[in-house]
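# Geometric and topological summary
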Amino acid sequence: MAKSIEKKRVVVTGVGLVSPLACTSEISWDRLIKGFSGIKRLSREHHGDCPVHIAGVIPSYLDDNIGGLDINKYISLKEQKKADRFIQLALVAAEEAVYDAKILFLEEEEKLDVATIIATGIGGFHAITNAVNTVSEKGSKKLSPFTIPSFIANLAAGQVSIKYGYKGILGAPVSACAASIQAIGDGYRAIQGGYATMALVGGAESCINPVSLGGFHAARALTASFNEKPECSSRPFDSKRDGFVMSEGAGILILEELDHALKRQAKILAEVKGYGTTSDAWHITAGPEDGSGAARSMQKAIADADLSPEDIDYINAHSTSTYVGDRAEMAAIKKIFKKKCPYISSTKSSTGHMLGAAGAAAAIFSIKAINNGIIPPSINIDVLDEAAEHLNIVINNSQKYPIDNVLVNGFGFGGVNASVIFSSFN
């Protein structure tokens, strides 16, 4: 009989986040737990004739001198022309994560075993639409030689890998809004199995323009009801929700094999305890009403962590503010957590939906919830959906509570479901 291989323990030693709340993880977290919203009105340049006039755009340093982003501090103007904004945001978030984990000066031999896995839902949407416009108006001879490398989905991972010299596994899950949870899961599995010692994982997205807004609006996925009150627009679990708010951003986590982290006396933020992913095999844009695929994803993550549902203290829900999606996830939660319902919130109520970067952002917020003993709220709940009345949702104000185990969900078009569990380290 073959001997079972003991799985290595995987911990988180650094995080970096660029969100509609702020350009760092700490300021984003501070604003999140205070109930701020990062949703703003867009200029006509960004929404065109689409009825949706709002989105979660990363604040500029020109408007926000505390939490705003000055991309020129991170990337030269020359290099900016070679990379779509989703790649640029990945580079910014990765820099914070690398500094947070104190791994800027790894030995060359160590870099051979560092994986770089950065997901995206769509990739370089701006670069693609700009290239199409260039060909239409001026012809293909006017295209830049960097056109293709600027929008390929794996170039966020590629550019980060090149910058830091990481020569291990290179990957880029492109699985809609579950993509960055799958990136975390891929890094976790790689370290568990001994295929990497460390992994820089997460997701990046930036596709706020008339084409993407118009496309999602045509699919009846976006809200157009709160153009005059953008801060009230993202409202998971509220009875008036009628669609998500598109946002941009990037979230990066540094995963590390436990013994390696202890040997270098790293600061350990949390442990990755479990991961599960499934397919609905149901519909291209909507899951089944009973949330069965989502439930199986959560079950797999809980089993992988060797926990029971009663051990989960907090769920950072995928809930984006769509009627069908929110209700399916609520049904799934009820199916799994029958004896004890954990606290639940959706941090997308403050950030909007960052698509392929959403799961990484939620993971970072959940790790900070563990470290600070604070559960972030679901804001904008005026009248709770009747389907949520028996769930333990943190409504409008953050809640102090000691947290040992957090479950983070990410679900996406095509029927993809992914769940990951983070635990306090001890």
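Look up: the structure comes first, before these words.
Just so you know, these numbers come straight off a predicted model, no measurement behind them.

This next bit is on helix α9 (residues 179–192). If you check α9, its first and last C-alpha atoms are 20 Å apart, about what 14 residues at 1.5 Å a residue would give, namely 20 Å. Taken across its 14 residues, α9 has 12 buried, putting it largely inside the fold. Among the residues of α9, Ala179, Ser180, Ile181, Gln182, Ala183, Ile184, Gly185, Gly187, Tyr188, Ala190, Ile191 and Gln192 are the ones counted as buried. Directly beyond the C-terminal end of α9, a positive phi value near 85° is found at glycine 194.

Between helix α4 (residues 85–101) and helix α8 (residues 155–164), the shortest axis-to-axis distance is 9 Å and the interhelical angle comes to 45°. The angle between α4 and α8 places the two elements in the oblique class. Considering only the axes of α4 and α8, their crossing is right-handed. Here Phe86, Ile87, Ala90, Leu91, Ala94, Glu95 and Val98 of α4 come into contact with α8, specifically with Leu155, Ala156, Gln159, Val160, Lys163 and Tyr164. Tallied by class, residues from the contact of α4 with α8 come to 10 nonpolar, 1 polar and 2 charged.

What follows concerns the sheet that holds strand β14 (residues 405–412). Read from one edge to the other, the open sheet built from 11 strands follows the order β5-β4-β6-β7-β1-β8-β15-β14-β9-β10-β12, with strand pairing classed as mixed. The open sheet is flanked by β5 (170–171) and β12 (392–393), the only strands paired with a single partner. Across 8 bridges, strand β6 (residues 198–205) lies against strand β7 (residues 249–257) in antiparallel orientation. Among the inter-strand pairings, alanine 204 is bridged to a residue of β7, identified as alanine 250.

Reading the values: rules and limits
- Residues numbered from 1 in each chain as written.
- Predicted model: local features only at pLDDT ≥ 70, side-chain atom pairs only at ≥ 80, totals over all residues.
- Heavy atoms only, no water.
- Helix = DSSP H or I, 4+ residues; strand = E, 2+ residues; numbered from the N terminus.
- Expected span 1.5 Å × (residues − 1).
- Buried < 20%, exposed > 50% of the residue type's maximum accessible area, 1.4 Å probe, protein only.
- Axes fitted to C-alpha atoms, helices over the stretch in contact; angles between N-to-C directions.
- Parallel < 35°, antiparallel > 145°, perpendicular 65-115°, else oblique.
- Left-handed = near helix turned anticlockwise from the far one by under 90°.
- Contact = heavy atoms within 4.5 Å.
- Nonpolar A, V, L, I, M, F, W, Y, C, P; charged D, E, K, R; others polar.
- Pairing = 2+ DSSP bridges.

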